[in-house]
Amino acid sequence: QLQGASNGANSFVTVTAGFDNEGAVAGNLNVQANSLILQDGGKFTGSLSGGSQTAGEISLFVSDLIRIDNGSIVSTPLGASAKGIEIVTKGLEVLGENGKIENDNFGTGTSAPLTITAEEVLVSDGGQITLENENGPSGGIVITANELVEEKGGLISTLAFGGSNGGDIDLELD
């Protein structure tokens, strides 16, 4: 469990490579667990600032439940390509106004898809699954699930800036 502090400070796990480091490559963030809870500001981030290389992938393989309750999973390459976010789990809950899974690309590189494979996906109470893309090609969002519930202000979206496309949202529901 990764939880933010009551004083407003966030707890986080991050993989980052610095600005304008030619050849810089941010590593991958791989998690295998029975369950994962990110709440009250807890976050996983992967980013690469500048350069022309690739930001690492955030991969979560969780056998039971991932609950993101006002926490976040964010991939944000700036000026680089992104390997994206891959989530494989039995259940995924994205809850609260600050609860989000976000795959952004604010550069000219290619954005890989945000992929979610789960039996049940719940996006509720303002939670968001989003992809934002500026200038480069987008991989979109792919959700494969037996059940998808989007309620109470939950949002699944793609957004494009500049000369890019936001990418498709592919829902494969059984």
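Residues numbered from 1 in each chain as written. Predicted model: local features only at pLDDT ≥ 70, side-chain atom pairs only at ≥ 80, totals over all residues. Heavy atoms only, no water.

### Considerations on the nonpolar core
For soluble globular proteins, the rule of thumb is that nonpolar side chains tend to be buried together. Leu60, Ile73, Ile101, Ile116, Val121 and Ile129 are the most contacted members of the largest nonpolar core, which has 27 residues in total. Looking at this core, the elements that each hand over two or more residues are β3 (29–39), β6 (58–69), β9 (85–95), β11 (114–124), β12 (128–135) and β13 (141–150). Not counting residues within four places of it along the chain, the set of residues in contact with Ile116 comprises Ile87, Leu92, Ile101, Val121, Ile129, Val142, Ile143 and Thr144. (Core = buried A, V, L, I, M, F, W, Y, C linked by side-chain atoms within 4.5 Å. Buried < 20%, exposed > 50% of the residue type's maximum accessible area, 1.4 Å probe, protein only. Helix = DSSP H or I, 4+ residues; strand = E, 2+ residues; numbered from the N terminus. Contact = heavy atoms within 4.5 Å.)

### What to know about the side chain of Asn103
Looking at where Asn103 falls in the secondary structure, it is placed in strand β10 (residues 100–107). When residues no more than four places from it in sequence are discounted, the contact partners of Asn103 are Ser75, Gly84, Ile85, Ser111, Ala112, Pro113, Leu114, Thr130, Leu131 and Glu132.

### Quick look at the confidence of the model for the chain
Looking at the chain as a whole, the pLDDT averages 80, with 74% of positions reaching at least 70. Model confidence for the chain, summarised as mean pLDDT per element, is weakest for strand β2 (residues 12–17) at 49 and strongest for β11 at 97. In the predicted structure, residues 15–20 sits below a pLDDT of 50 and forms 22 contacts with residues beyond four places in sequence or in another chain. (pLDDT = per-residue confidence, 0-100.)

### Structural notes on the environment of Arg67
With respect to the helices and strands, the residue Arg67 is situated in strand β6. Once the C-alpha coordinates of Arg67 and Gln39 are considered, the two residues, 28 residues apart in sequence, prove to be 7.8 Å apart. When near neighbours in sequence (up to four residues on either side) are disregarded, Arg67 contacts Leu36, Ile37, Leu38, Glu93 and Leu95. Within the local environment of Arg67, its side chain forms a polar contact with the side chain of Glu93, the two groups lying 2.7 Å apart. (Polar contact = N/O pair within 3.5 Å; in protein donor to acceptor, adjacent residues only side chain to side chain.)

### Regarding the pattern of salt bridges
Overall, the coordinates contain 2 salt bridges when judged by the stated rule. Glu102 is the partner of Lys100 in a salt bridge, and the nearest nitrogen-oxygen pair spans 3.2 Å. Classification of Lys100 as partly exposed rests on a relative accessible area of 29%. Classification of Glu102 by relative accessible area gives buried; the value is 11%. (Salt bridge = Lys/Arg side-chain N within 4 Å of Asp/Glu carboxyl O.)

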